[in-house]
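Report on the structure
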Protein chains: 2
Amino acid sequence: MALLGLGTVGQGVFELLQIHRERLREKLGVDLEIKKILVRDLSKSRSVKVSKDILTTDFGEIIRDEEIKIVCELMGGIEPAKTYLLESLKAGKQVVTANKAILAESGEDIYDLAMKKGVYLGFEASVGGGIPIIKILREALIGNRIECILGIINGTTNYILTRMLENNLSFEKALEEAKQKGFAEADPTLDLKGFDSAHKIAILASLAFGAFIPYEWVYVEGIDEIDLMDLKFAKQFGYIVKLIAEAKQSRRGIEIRVYPALLPENHILTSVRLNYNAIYIKGDFVGDILLYGLGAGKEPTASAVMSDIVTAVEYLQFNKFPLIRYPSRVKDALKLVPIEESIFKYYFRFTAVDRPGVLSKISGILGNYGISISSVVQIGRQIRKGAVPVVMLTHETKEERVIGALKEIDCLDVVKARTKRLRILS
Amino acid sequence: MALLGLGTVGQGVFELLQIHRERLREKLGVDLEIKKILVRDLSKSRSVKVSKDILTTDFGEIIRDEEIKIVCELMGGIEPAKTYLLESLKAGKQVVTANKAILAESGEDIYDLAMKKGVYLGFEASVGGGIPIIKILREALIGNRIECILGIINGTTNYILTRMLENNLSFEKALEEAKQKGFAEADPTLDLKGFDSAHKIAILASLAFGAFIPYEWVYVEGIDEIDLMDLKFAKQFGYIVKLIAEAKQSRRGIEIRVYPALLPENHILTSVRLNYNAIYIKGDFVGDILLYGLGAGKEPTASAVMSDIVTAVEYLQFNKFPLIRYPSRVKDALKLVPIEESIFKYYFRFTAVDRPGVLSKISGILGNYGISISSVVQIGRQIRKGAVPVVMLTHETKEERVIGALKEIDCLDVVKARTKRLRILS
């Protein structure tokens, strides 16, 4: 086999095989050997001891080598990873990848190509790190109609939200700390803005609903505008804020989105702290299932990659490809429920002038839009010249009403800043 | 395919296939058909509508039918299930079973026979109901050295313990309720005495440690002697009592046991309530993983069986058998750490005469055995003529010391009943 990339994940896979090669040989009767590793820089010093002989900067050496039957793409990013991945499939090699971006954005073509070439494509490491969520959705729950997937599938944002609330840190401080501890990348944009979670939920939804769900269908909000103040107010009302990835299938259609949500404190996902991930699934036969574990990191991801490598070896020996189809086609019958049509309870934080009549003005507009309020708290702490935060929770209502109402409210001259709006998960 | 048995699980599988046959055909390109169902009584009325033509009371009709390639043993119990299972393997049929007792007690021969005959043996439904724990241990975590498995894997006992504590019910009342709700069988002995959990942890340990772990190795204590009083005292100290199944591998050897344990209230397993199951696994690469779901019941178990049926179809089409070996042999290198050698913290409830000097007598004996006490509470409530409960928690100590000390203590004339001893999980 060959590895493309010797970054964190590549090194993890290399180390795993160093430690467990004998154990695996015993269980499988097969000796797993890394023949080549594609790197950008041959002379770079690395924490793992790799013989120089197996390093190469030339992908051609790998693709032309007929002894290399399995290619593990562990480079990340779109290019050249995508080209190499497609080339490997075309060459009839079994492919294992950890690349969520490519699968979410071009999965249709990739799944299709794998099936046409009759090769196995493993992507356990693309979602949930060490949590075997791909295998579970694809294989273990095959006898189910999946109704809903709800998860915390980004460790960086979960770490930041946990530290902010529990240690009274600002967003910036918590982000800084996450970077220092290696839980956030140098450029954390993809994580913070929710795009990483969006890639992952698109992959999971495709498996769950048995048809390719385009990444563009995912409504995305990140945590980059989350204020410590809102985490604390939410807590006062008995809620914990988490970045949620959600995919639902109902008679109305598919709802798929990533957004920071208020979860009731007794919700099982609120106990998922720091860099842990968890995924809740509801199937018509299996009922509720929850999977919890480390969603990223060298070792957990290597564990996921190795599971795929073993499956690849099995298909290779059989000279067969998987019975279970990949979700390569968009199904016409599936339709997306736009976010405007979706129904939530809401948390609003208005920044309003502390003066009689202001509250009635705001609630008057909400009333005009048919939004009914379940609780209001005005906090006597000035946050802007003469303005104080007013927090309201609403009953269930359609998102489009909220959009309309907040537009009007934010134009009031007694409202001094854009209203913060968060959705509540019931 | 054929089903052996049309009880709860058999009916669930039948219904699942009625509902999802088309969906599965779409995903697999294969039509799954139940050709025969073995029953004891043809005329019995059942809640599922099954054509009389496919029912039979003669196993010979199934074993001789060459069109039947997959046999699902869903009868439960040892005989005739075991004979039919072995016959099916010998006949070269793919076998799916939900029978934990047979696998735990005779797995060595069964795994061996499956490999000799080159057929697939699926047993996802044998442990954890709908939780795909077998697939995860066997396949997803194959790149790991498993250090520890810790789980709540019996729904009946978990339901009873939850209801006792939360609703102030006696053991008998809670058991009665569990029976009424269908969470306990008419004869619940196997569940209450911990044998069901013991069967399951033996199967899981065999997969985790890559060698057959004999069922006799499992040290077993059930919940049949648990008193509501002890659940409440434990709660006062910040612990919740759960029936734990545990398997550990360390330099000392294998530790494998089932016992009611005090778990600190913030332990993730304490949030597993009622008839839910959860299994925690620690692997050297994957880190901590937790799986949570319904551990029994018609639909969840049918979901697990269907996953195995699909795998069986795949191997059948390939005319191959699994690359990953079954744990058919006891490894000489593995040795059991006897319970006497195991180390725990303990909860003791003494029933002692309320008189000066009694406490010093008891703690003197504990001291002689080198058992050191971390907290003591004497509760001023009489439970036997002139005797009150005295609860003590200890620091870590060897079980054999506890056995010795309690033997002496229970012979004291100021001690009026056998001392209650529970282990604490740290």
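Residues numbered from 1 in each chain as written. Chains lettered and ligands numbered in written order. Predicted model: local features only at pLDDT ≥ 70, side-chain atom pairs only at ≥ 80, totals over all residues.

What about the environment of Ile383(B)?
All names here are of chain B. For clarity, the threshold we go by: Only DSSP runs of H or I covering at least 4 residues are called helices, and only runs of E covering at least 2 are called strands; the numbering of each starts at the N terminus. Placing C-beta atoms from the backbone, we regard two residues as in contact once those atoms come within 7 Å.
Along the chain, the position of Ile-383 falls in the loop between strand 14 (373–378) and strand 15 (387–394). Residues Ile-383 and Ile-279, spaced 104 residues apart in sequence, show a C-alpha to C-alpha distance of 37 Å. Not counting residues up to four positions away in its chain, the partners in contact with Ile-383 are Thr-351, Val-388 and Pro-389.

Considering the interface of chain A and chain B
Accessible area lost upon the coming together of the parts is a frequently used measure of interface size. Here is the rule: Whether two strands pair depends on DSSP finding at least two bridges between them.
Contacts between chain A and chain B engage 44 residues on the former and 44 residues on the latter. Those elements that provide at least two residues to the side of chain A that touches chain B are helix 1 (8–28), helix 5 (133–140), strand 12 (287–294) and helix 11 (298–318) of chain A. For the side of chain A that touches chain B, the element with the most residues is helix 11 of chain A, which contributes eleven residues. Sheet topology note: the strand 12 of chain A/strand 12 (residues 287–294) of chain B ladder contains five bridges and is antiparallel. Of the residues in strand 12 of chain B, the one forming a bridge with Gly293(A) is Ile289(B).

Notes on the relation of the copies chain A and chain B
Formally: The atoms used to superpose the copies are C-alpha atoms, taken from residues with pLDDT of at least 70 in both, and the fit is least squares.
Aligned on chain B, chain A shows an RMSD of 0.0 Å; the corresponding rotation is 180 degrees and the shift along the axis is 0.0 Å. Put plainly, the chains are arranged around a two-fold axis. Considering only C-alpha atoms, the residue of chain A closest to the rotation axis is Leu291(A), which sits at 2.4 Å. Interface overlap between copies: 100% of the residues of chain A at the interface are likewise at the interface in chain B, consistent with a symmetric, same-surface contact.

Concerning unusual backbone geometry
What counts, and what does not: Buried means a residue has 20 or more other C-beta atoms within 10 Å of its own C-beta, exposed means 12 or fewer, and partly exposed covers the counts in between; C-beta atoms are placed from the backbone.
Omega for the bond connecting Glu79(A) with Pro80(A) falls within 30 degrees of zero, at 5 degrees, which places this linkage in the cis form. The phi angle at Asn168(B) is positive, at roughly 60 degrees, despite the residue not being glycine. Taking the C-beta count within 10 Å as the criterion, Asn168(B) has 12 such neighbours and is therefore assigned exposed. Residues other than glycine seldom take positive phi values, yet Asn319(B) does so here, at roughly 60 degrees. Looking at the element boundaries, Asn319(B) is found in the loop between helix 11 (298–318) and strand 13 (343–353). The class of Asn319(B) is exposed, set by 9 C-beta atoms lying within 10 Å.

Digging into the sheet that holds strand 5 (residues 94–97) of chain B
Residue and element names in this part refer to chain B. Our working definition: A fitted line through C-alpha atoms represents every axis, and for helices the fit uses only the stretch in contact; the resulting angles, taken between N-to-C directions, go from 0 to 180 degrees.
Strand order in the open sheet formed by six strands is 3-2-1-4-5-6, and the pairing between neighbours is parallel. The open sheet terminates on both sides in strands that have one partner only, identified here as strand 3 (55–56) and strand 6 (121–122). Sheet topology note: the strand 2 (residues 36–38)/strand 3 ladder contains two bridges and is parallel. From the neighbouring strand, Leu-38 faces strand 3, where its bridge partner is Thr-56. Sitting on the sheet, helix 11 is in contact with strand 4 (70–73), strand 5 and strand 6, with an inclination near 170 degrees to strand 5.

Some words on the packing of helix 4 (residues 100–117) of chain A against helix 9 (residues 195–209) of chain A
Residues and elements named next belong to chain A. The cut-off we apply is this: Between 65 and 115 degrees an angle is taken as roughly perpendicular, under 35 as roughly parallel, over 145 as roughly antiparallel, and anywhere else as oblique. Take the far helix as the reference: if the near one is turned anticlockwise from it by less than a right angle, the crossing is left-handed, and if turned clockwise, right-handed. Gly falls in the polar group here, along with every residue not listed as nonpolar (Ala, Val, Leu, Ile, Met, Phe, Trp, Tyr, Cys, Pro) or charged (Asp, Glu, Lys, Arg).
Packing of helix 4 against helix 9 leaves a shortest axis separation of 8 Å and a crossing angle of 55 degrees. By the angle between their directions, the pair helix 4 and helix 9 is classed as oblique. Between helix 4 and helix 9 lies a crossing whose hand is left-handed. Taking contact as the criterion, the partners of Lys-100, Ala-101, Leu-103, Ala-104 and Gly-107 in helix 4 are, on helix 9, His-199, Lys-200, Ala-202, Ile-203 and Ser-206. Its residues assigned to classes, the contact of helix 4 with helix 9 shows five nonpolar, three polar and two charged.

Comments concerning the domain arrangement of chain A
All names here are of chain A. Note the cut-off: Each domain's extent was defined by an automatic or database domain assignment.
Here chain A is partitioned into domain 1 (2–132 + 298–318), domain 2 (134–294) and domain 3 (339–424). The distance between the C-alpha centroids of domain 1 and domain 2 comes to 27 Å. At the interface, 17 residues of domain 1 touch 17 residues of domain 2. When residues in the side of domain 1 that touches domain 2 are grouped by element, the largest group, seven residues, is from helix 4. Classifying every residue of the side of domain 1 that touches domain 2 by side-chain character gives eight nonpolar, five polar and four charged.

Notes on the pairing of strand 17 (residues 415–424) of chain A
All names here are of chain A. Relative to strand 17, strand 10 (residues 253–264) runs parallel, the two being bridged by two bridges. Residue pairing in the sheet places Leu-262 in a bridge with Ile-424 of strand 17. Pairing of strand 13 (residues 343–353) with strand 17 involves seven bridges; the strand directions are antiparallel. Bridge pairing in strand 17 places Lys-345 opposite Ile-424.

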